[in-house]
Amino acid sequence: MFTIITGAQFGDEGKGKIVDLLTGDYDIIARFQGGDNAGHTIVVGGETYKLHLVPSGIHYRARLLIGPGTVMNPVVLMDELMKLKKSGIDITPARLGIDAKTSIIMPYHIELDSLHESARSDKIGTTKRGIGYAYIDKVARDEIQMIDIADSGRFMKRLKELAQQKEAAIAAMGGRRGVVTDQGHIKEYSEIGRKLAPYITDVSHEINRALAGGKKVLAEGAQGTHLDIIHGTQKYVTSSSTVAGSACANLGIGPKRVDEVIGVIKAYITRVGEGPLPTEQKNKIGEHLREKGGEFGTTTGRPRRCGWFDLPLARKAVDLNGYTGMALTKLDVLTGLDPVKICVQYTCNGKTAGYPPELASELSQCAPVYEEMEGWEDDLSGVKSFGDMPEGAQTYVKRLEELIGVDITYVSVGPGREQTFIR
Ligand code: GDP
Ligand code: IMO
Ligand code: MG
């Protein structure tokens, strides 16, 4: 069985929590795109784990895989493995596999990302983790791969080949010289490469073998649908394909293998960084959502922009991913707001539209048209079943389900694993 989970909005929908919730039923959890721009939070038994690269299946026996379509900063990964070890979770090579072809995020990618972002007059608000520049090198066939850093001879040969080009690019953007040839960085990467060598695997082969043997595989998306490099709100997007189809291409699994595609979606909407967000609330409502929802970036700590649920964007997410079920998160955060609003359509250039225009420039001109519903006062964080929720919350979920046209299978009412119920 092969299931794909993706974020249905602009990231931070609670993918980590939902993956953790489902991991008990799966044999393999695999990350297929993105890098440490992701920050996936799991809260179990009062402990909080923030993961950037390690797949969110750490709490069970599932095998964890980092696929070749990801971009991986080995320093961040080592740090994450060390923190997990300190909290009693030893991620040995028997638990984690990293594809030999995984692109490595080098210090010069981070430098270039920061320089470019600082120089942009119209900013994207990247996480400055070097994501875009690592993907540029993948496409340009100038990447350094996991297999290269595991072998210092291979690593030095590759660096030598690329050094001049990279130094020139940094200098042209006004950056400091010597980033590429910095001996400290080279030594650090070589040492980590050696330590990570036993983790190297062929992810596509492992997954295909597992599926053939009747095992269950879960692909964990990072970022969100509308941050997709092709179908998102360009240019305000990340540099990878974040939609469900990308899991097949990036992990090397045939599309006919897919059984389920689950979309994780918040009961409202958030976005970090720049770009259109039609339902954004720059007021008391936005503050309520940010404060009550703890809407501050897991990776950068930046405050997230918050707004009402956006149905046109959700409809597009359903199309782009082909969701078979939804996990609705953070319903508890809406407690105390009255009325609660759903953006059911937009007015764009004097016309109404139930689906977002293709271009970000046009989306930024759209004004939301809201349907209002009665709010509720009761705290939801201890609720154990759908029927135990106040009438208003039940009506809200049913209405969203009707509008989205896909079953809401999971409802989440708090960060903890137990604060979830299946409908
Ligand atoms: P991800 O990137 O999609 O994995 O999401 P993040 O971990 O970046 O952000 C989601 C945040 O919301 C985390 O702090 C979670 O612990 C928290 N969270 C997840 N689900 C719920 C929920 O239903 N209610 C509340 N209040 N918090 C939640
Ligand atoms: P998770 O997996 C939310 C956003 C950045 C920026 C844009 C491009 O935790 O949901 P990048 O550094 O990728 O080049 O930045 O994408 N972004 C995210 N926003 N959640 C994420 O990941 C994100 N990863 C990148 O804020 O707007
Ligand atoms: Mg996140």
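Basis of the calculations
Residues numbered from 1 in each chain as written. Chains lettered and ligands numbered in written order. Predicted model: local features only at pLDDT ≥ 70, side-chain atom pairs only at ≥ 80, totals over all residues. Heavy atoms only, no water. Near = heavy atom within 4 Å. Polar contact = N/O pair within 3.5 Å; in protein donor to acceptor, adjacent residues only side chain to side chain. Areas by Shrake-Rupley, 256 points an atom, 1.4 Å probe, with all protein chains shown as cover. 1 Å grid on protein atoms, 1.4 Å probe; cavity = no way out; pocket = protein on both sides within 12 Å on 5 of 7 lines; lining within 4 Å. Sits in = over half its atoms within 2 Å of the grid points. Helix = DSSP H or I, 4+ residues; strand = E, 2+ residues; numbered from the N terminus. Nonpolar A, V, L, I, M, F, W, Y, C, P; charged D, E, K, R; others polar. Donors = N, O, S within 2.8 Å, 3.2 Å for Na, K, Ca; no water. Buried < 20%, exposed > 50% of the residue type's maximum accessible area, 1.4 Å probe, protein only. Pairing = 2+ DSSP bridges.

Draft legend 1. Local environment of the site of ligand 1. Close contacts around ligand 1 come from 20 residues, with Lys 15, Thr 41, Lys 330, Asp 332 and Ser 412 the closest. The separation between a nitrogen atom of ligand 1 and a polar side-chain atom of Asp 332 is 2.8 Å. Isolated, ligand 1 exposes 580 Å² of accessible area, and the fraction of that covered by the protein chains is 92%. The cavity that encloses ligand 1 is the second largest pocket. Broken down by secondary-structure element, the contributors of at least two residues to the shell around ligand 1 are α1 (15-23) and β3 (40-44). Tallied by class, the residues present in the shell around ligand 1 amount to four nonpolar, nine polar and seven charged.

Draft legend 2. Here's a closer look at the coordination of the magnesium ion (ligand 3). Bound to the magnesium ion (ligand 3) are the protein donor atoms Asp 12 (OD) and Gly 39 (O), situated 2.1 to 2.2 Å from the metal. With Asp 12 in the loop between β1 (2-7) and α1 and Gly 39 in the loop between β2 (28-31) and β3, this residue pair connects regions lying 27 residues apart in the sequence. Residue classification places Asp 12 among the partly exposed residues on the basis of a relative accessible area of 22%.

Draft legend 3. Seen up close, the pairing of strand β11 (residues 260-266). Across the seven residues of β11, six count as buried, placing the element largely inside the fold. Pairing of β1 with β11 involves five bridges; the strand directions are parallel. Residue pairing across strands places Ile 4 opposite Val 261, the latter belonging to β11. Pairing analysis gives five bridges linking β11 to strand β15 (residues 325-329), with the strands arranged parallel. Bridging across to β15, Ile 265 finds its partner in Leu 328.

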